[in-house]
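Architecture and fold: a report
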Amino acid sequence: MNKIRIGVLVSGGGSNLQAIIDACEAGRIPGKVVFVGSDNSDAYGLERAKRHKIPAFVVNYRKIARCYDQEKEGTIPDDFNLHEILEKQRLFPQSGDPTKLARFLGIRASAERALIDKMNTHPFDLLVLAGFMRTLSPYFIDRINMSRLGHRIMNIHPALLPAFPGTDGYGDTFRYGCKVGGCTVHFVDYGEDSGPIIGQKAFEIDPGDTLETIKEKGLHLEWELYEDSVRLFAEGRLKIIRKVFDLKGGRKIERTIVEIES
Ligand code: GAR
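Residues numbered from 1 in each chain as written. Predicted model: local features only at pLDDT ≥ 70, side-chain atom pairs only at ≥ 80, totals over all residues. Heavy atoms only, no water.

1. A short note on the packing of aromatic side chains
Applying the stated criterion to the full structure yields six aromatic pairs. The interplanar angle of 55 degrees and the centroid separation of 6.4 Å between the aromatic rings of Tyr170 and Phe203 together place this pair among those described as tilted. Placement of Tyr170 in helix α7 (residues 169-175) and of Phe203 in strand β7 (residues 197-204) is noted, with a sequence separation of 33 residues between them. When sorted by exposure, Tyr170 lands in the same class as Phe203, which is buried. Here a set of aromatic residues connected by ring pairs shows up, and it is made of Phe35, Phe57 and Phe124. The aromatic ring of Tyr61 is capped on one face by Arg134, whose charged end is 4.2 Å from the ring centroid. (Phe/Tyr/Trp six-rings, centres within 6.5 Å; stacked < 30°, edge-to-face > 60°. Helix = DSSP H or I, 4+ residues; strand = E, 2+ residues; numbered from the N terminus. Buried < 20%, exposed > 50% of the residue type's maximum accessible area, 1.4 Å probe, protein only. Lys NZ or Arg CZ within 6 Å of the ring centre and 35° of its normal.)

2. Re the pairing of strand β9 (residues 252-260)
By the bridge criterion, nine bridges tie strand β8 (residues 238-246) to β9 in an arrangement that is antiparallel. Counterpart to Ile241 in the pairing with β9 is Ile257. (Pairing = 2+ DSSP bridges.)

3. Thoughts on the nonpolar core
Ile6, Ile20, Val128, Met154, Tyr226 and Val230 are the most contacted members of the largest nonpolar core, which totals 41 residues. Among the elements that line this core, the one with the most residues is helix α8 (residues 211-234), at eight residues. Residues contacting Val230, with those up to four places away along its chain left out, are Ile4, Ile6, Ile20, Ile29, Leu126, Val128 and Met154. Counting residues in hydrophobic clusters, the runner-up holds 32 residues, among them Leu9, Val59, Ala65 and Leu101. (Core = buried A, V, L, I, M, F, W, Y, C linked by side-chain atoms within 4.5 Å. Contact = heavy atoms within 4.5 Å.)

4. Considering the site of the ligand
Residues in close proximity to the ligand include Gly13, Gly14, Ser15, Asn16, Gly131, Met133, Ile156, His157, Pro158, Gly166, Tyr170 and Glu222, which together make up its full environment. The backbone of Gly14 places a nitrogen or oxygen atom 2.7 Å from an oxygen atom of the ligand. In the model, an oxygen atom of the ligand is placed 2.9 Å from a nitrogen or oxygen of the Asn16 side chain. Mapping the ligand onto the cavity grids shows that it belongs to the largest pocket. Looking at the shell around the ligand residue by residue, the classes come out as four nonpolar, seven polar and one charged. (Near = heavy atom within 4 Å. Polar contact = N/O pair within 3.5 Å; in protein donor to acceptor, adjacent residues only side chain to side chain. 1 Å grid on protein atoms, 1.4 Å probe; cavity = no way out; pocket = protein on both sides within 12 Å on 5 of 7 lines; lining within 4 Å. Sits in = over half its atoms within 2 Å of the grid points. Nonpolar A, V, L, I, M, F, W, Y, C, P; charged D, E, K, R; others polar.)

5. Focus: the environment of Glu254
Residue placement: Glu254 occurs in strand β9. Assessed through its relative accessible area of 46%, Glu254 is described here as partly exposed. Once you skip the residues sitting within four places of it in the chain, Glu254 turns out to touch Arg242, Lys243 and Val244. Looking at Glu254, its side chain comes within polar contact range of the side chain of Arg242, at 3.1 Å.

6. Describing the side chain of Thr184
As for its placement among the helices and strands, Thr184 is situated in strand β6 (residues 180-187). Once residues lying within four places of it in the same chain are set aside, the contact partners of Thr184 are Asn155, Ile156, His157, Ala159, Leu160, Leu161, Ile197, Gly199, Gln200 and Leu225.

7. Considering the sheet that holds strand β3 (residues 56-58)
Read across the sheet, seven strands follow the order β3-β2-β1-β4-β5-β6-β7 without closing on themselves; strand pairing throughout is mixed. The open sheet is flanked by β3 and β7, the only strands paired with a single partner. Ignoring which end each strand starts from, the neighbouring axes of this sheet average 20 degrees apart. Inspection of the sheet shows strand β2 (residues 31-38) paired to β3 by three bridges, in the parallel sense. Bridge pairing in β3 places Ser38 opposite Val58. Sheet strands touched by α8: β1 (4-10), β4 (126-129), β5 (153-157), β6 and β7. Its angle to β7, the strand with the most contacts, is close to 155 degrees. (Axes fitted to C-alpha atoms, helices over the stretch in contact; angles between N-to-C directions.)

8. Details of the side chain of Arg152
Within the element layout of this structure, Arg152 appears in the loop between α6 (138-144) and β5. Buried and unpaired, Arg152 has Asp125 as its nearest opposite-charge partner, separated by 5.7 Å. Apart from residues no more than four positions distant in its own chain, Arg152 is found in contact with Phe124, Asp125, Leu126, Leu127, Ile144, Asn145, Met146, Phe187 and Phe233. (Lys, Arg positive; Asp, Glu negative; His and termini not counted. Salt bridge = Lys/Arg side-chain N within 4 Å of Asp/Glu carboxyl O.)

Bear in mind that shape data such as this cannot, by itself, settle questions of function.
The structure is reproduced here in structure tokens:
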């Protein structure tokens, strides 16, 4: 089987990155990590890349924001279209301060352009987000998921989606008093942690559990789940389909879901 080329983005410790590197090196994933990118020069994930001789790079979002404020439009990519992004993300300028929203999306596209430029020097088949704590806008997503290639950005989230999207999945699970927690791997779409689900793993939350023990239980399952999900992608077994379901009262609901081929 041909090996797939995997690009990984991290913001922090990179234990999921390590799980994927180890699975590739041990032959459990028919693939190879071809780059590690980060928005944080202190991310320990970069050190892990170095140890495995994987090319690594950093895109400094804060510096890009400063340049934007000094040069204004100068830093915005030529192919950025604010109205297209607003429409795709269903953001409406009238619901907030339009200048602030334009600034936020302009800076984000500038940073994403820098990411794409760095990533493009290392051709890849799959982009894996392993604790990358920036949301990706349609500007970025459309330039990675070009029509021939389809969905090829995966994310791991520390909760059983669609419960608790956002930045603190285990914290939200704990504070809600859930009796079960878990993690989810999904393809990335324009929404926040809303893309089609590839796999999930769950664990029981016992009365004595703390946020720390919940994180620990969850992370161990994340490493297994990410390995399994990337392997399924590498084996060409993930099929994305549109399904229409009939609801009561003659209503219908349409969903994009992932089917796993045997
Ligand atoms: C993981 O728990 C992952 O699910 C979470 O960040 C942690 C990264 O750990 N991701 C998110 O919250 C994304 N919204 P790691 O750096 O050790 O892989």
